[in-house]
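Architecture at a glance
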Amino acid sequence: MTFPQCTDKVFLGAATNPAPGLPISQKVRPLWKRLGQLVIFGVILLNLWGCTGTEAPREFAPDGEVIQRAIATKLKSHYQQLSQTINAPPPNLELKNIQVKKLDSFFLQALPVYHLQGTYDVVLNFPSQRTENRRRNPFEVYLQRQPEGKTWRSLEKNPQGWRSQQLPR
């Protein structure tokens with residue numbers, strides 16, 4: 001099988017021969033150089049946007065108190081909505097035995113985000129003096145440490161991106 005002699009035009013996609021008489025290897029070098037520059041530029045942009053696959057440092061992951069506040073905030077919101085629906089006061093919550101089974105991390109807008117999954121037990125104390133124990137409830141939270149390192153935000157993924165809410169102290 002033979003190939004056409006003008007492989008440089010086909011390979012480079014050029015309409016004209018930019019440097020007649022040069023071997024194809026010398027014509028391809030500028031293309032590879034530009035391509036390399038574009039790849040480097042793309043990697044820099046991904047780092048700035050926080051879209052790389054790099055993990056955030058585990059030593060800055062949230063402690064048990066922050067995880068407990070995140071779960072409690074979600075539960076209180078859920079029971080507030082439920083209580084409004086049935087027109088009854090919400091129960092008091094007592095979280096126990098929080099166990100983190102999985103911890104992943106990534107960067108979002110140059111700030112670390114920690115994705116935690118696990119289980120917890122909760123005691124629901126209803127105003128009617130009734131108490132209910134619920135064991136091994138699954139949880140999943142995304143927590144982002146803020147720039148000063150003192151506060152945390154709880155994140156939820158939605159079709160438009162991320163929605164965040166500051167965790168109460």
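Here goes a summary of the coordinates provided. (Residues numbered from 1 in each chain as written. Predicted model: local features only at pLDDT ≥ 70, side-chain atom pairs only at ≥ 80, totals over all residues. Heavy atoms only, no water.)

Counting its secondary structure elements, the protein contains 3 helices and 5 strands. Along the protein, helices (α) and strands (β) appear in the sequence α-α-α-β-β-β-β-β when read from the amino end. With 169 residues in all, the protein has 30% of them scored as buried. Restricting the contact set of the protein to residue pairs at least 6 apart, pairs at least 24 apart contribute 49%. For the protein, the accessible area works out to roughly 12000 Å², and carbon and sulfur atoms hold 56% of it. (Helix = DSSP H or I, 4+ residues; strand = E, 2+ residues; numbered from the N terminus. Buried < 20%, exposed > 50% of the residue type's maximum accessible area, 1.4 Å probe, protein only. Contact = heavy atoms within 4.5 Å. Areas by Shrake-Rupley, 256 points an atom, 1.4 Å probe, with all protein chains shown as cover.)

Its identity as a non-glycine residue notwithstanding, asparagine 97 has a phi of 50°, on the positive side. The residue asparagine 97 is located in strand β1 (residues 92–108) in this model. The backbone of arginine 136 sits at a positive phi, close to 50°, despite the residue not being glycine.

A word on the pairing of β1. Every regular strand shows the same layout, with side chains that alternate between the two sheet faces. As paired elements, β1 and strand β2 (residues 111–125) share 14 bridges and run antiparallel to each other. Following the sheet pairing, phenylalanine 107 is matched in β2 by proline 112. The turn linking β1 back onto β2 is made up of 2 residues, and glutamine 109 within it adopts a positive phi angle of 55°. (Pairing = 2+ DSSP bridges.)

Okay, the side chain of arginine 69 next. Among the structural elements, arginine 69 can be located in helix α3 (residues 64–86). For arginine 69, the contacting residues outside a window of four places in its chain are Leu167, Pro168 and Arg169.

For the rest of this paragraph, the subject is the pairing of β2. The buried fraction of β2 is high, at 13 of 15 residues. Across 12 bridges, the pairing between β2 and strand β3 (residues 131–145) is antiparallel. Paired with tyrosine 120 across the bridge in β3 is asparagine 137. The hairpin turn running from β2 into β3, its antiparallel successor, is 5 residues long, and glutamine 129 in that turn takes a positive phi close to 70°.

Counting across every chain of the model gives 5 aromatic pairs. Taken together, the ring pairs in this structure connect Phe106, Tyr142 and Trp162 into an aromatic cluster. We note arginine 130 situated over the ring of phenylalanine 126; from NZ or CZ to the ring centre the distance is 4.4 Å. (Phe/Tyr/Trp six-rings, centres within 6.5 Å; stacked < 30°, edge-to-face > 60°. Lys NZ or Arg CZ within 6 Å of the ring centre and 35° of its normal.)

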